[in-house]
Amino acid sequence: MHETPDDLERLQEVLDTSLANSGTHIRSAFSQDNRPTARELVDSLPGLFEMHLAVIAGDGAPLVAPVDGFLLRGWICLGLPPQSVRASLVRRDPRVSASYIGTTASFIVHGSFVEIDDEHPDLDLYKDSARALYVAEYGSWFDSYLTQKWETEGRGTVGVIEPRKLFAKRE
């Protein structure tokens, strides 16, 4: 969604480097036979998908729970409710991992959560894309729901996962 040639090149480089520097098991699970290109990955992911996001709790333990995600400009995007535990945890320690298993593609990503704050150049693109995806998923009523929610609670903690490693495969 909205990927430029530079976005796809960056995504492809992460996919290639991750696999090249991985161990035997991950290379067998994400082999060349079922490994998508960056373009194929972008095209095969649904607009909105549920992934499992792992963050690091205050005591160092992992904390994992489902969260909605979507792909935008080659980044895996997500949003967390403003007062959620995970929102405070990613602000304290941005290291995250996420996984998604779909019917056409799956991925595992390890990296850092980068917040899209009020000064970020892609904030409007993020908000417009999120709104369009949620309305397409849940119907037109969700547009007014989002407007009301963002006006009363704020948009929450939104951002992207800047990948350190990303593995993907076609299903």
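Residues numbered from 1 in each chain as written. Predicted model: local features only at pLDDT ≥ 70, side-chain atom pairs only at ≥ 80, totals over all residues. Heavy atoms only, no water.

1. Notes on a nonpolar patch on the surface
Note the cut-off: Patches draw on residues past 30% relative accessible area with no salt bridge. Two like charges within 9 Å are joined, as are two nonpolar side chains (Val, Leu, Ile, Met, Phe, Trp, Tyr) within 5 Å. Methods summary: accessible areas were calculated by the Shrake-Rupley approach with a probe of 1.4 Å, and residue burial reflects only the protein chains presented. The salt bridge criterion pairs a side-chain nitrogen of Lys or Arg with a carboxyl oxygen of Asp or Glu, the two atoms within 4 Å. A helix here means a DSSP run of H or I that spans at least four residues, while a strand means a run of E at least two residues long, and both kinds are numbered starting from the N terminus. Summary of the burial criterion: residues with accessible area below 20% of their type's maximum are buried, those above 50% are exposed, and those between are partly exposed, where the area comes from a 1.4 Å probe applied to protein chains only.
A contiguous nonpolar surface patch, about 340 Å² in accessible area, is contributed by Y138, W141 and Y145. Its location among the elements puts Y145 in helix 6 (residues 141-153). The class for Y145 is partly exposed, based on a relative accessible area of 34%.

2. Quick notes on unusual backbone geometry
Even without glycine at this site, R73 takes up a positive phi of about 55°. Assignment of secondary structure puts R73 in the loop between strand 2 (62-72) and strand 3 (75-80). For R73, a relative accessible area of 23% corresponds to the partly exposed category.

3. Topic: the layout of surface pockets
Quick note on the threshold: The definitions used throughout rest on a 1 Å grid laid over the protein atoms alone, on which a cavity is an enclosed set of points accommodating a 1.4 Å probe that cannot get out and a pocket is an open set flanked by protein within 12 Å on both sides along at least five of seven lines; lining residues are those having an atom within 4 Å of a point. Grid points are joined across faces, edges and corners, and a volume is the space filled by probe spheres set on the points. Residues are grouped as follows: nonpolar covers Ala, Val, Leu, Ile, Met, Phe, Trp, Tyr, Cys and Pro; charged covers Asp, Glu, Lys and Arg; every other residue, Gly included, is treated as polar.
In this model, the largest pocket occupies a volume close to 420 Å³. Along the walls of the largest pocket sit 23 residues, with G79, L80, P81, Y134 and K149 positioned nearest its centre. When contributions to the lining of the largest pocket are tallied by element, the ones reaching two or more residues are strand 2, strand 3, helix 5 (123-138) and helix 6. The residue inventory of the lining of the largest pocket, partitioned by class, reads 15 nonpolar, 4 polar and 4 charged.

Function cannot be inferred from these measures alone, as they are strictly geometric.
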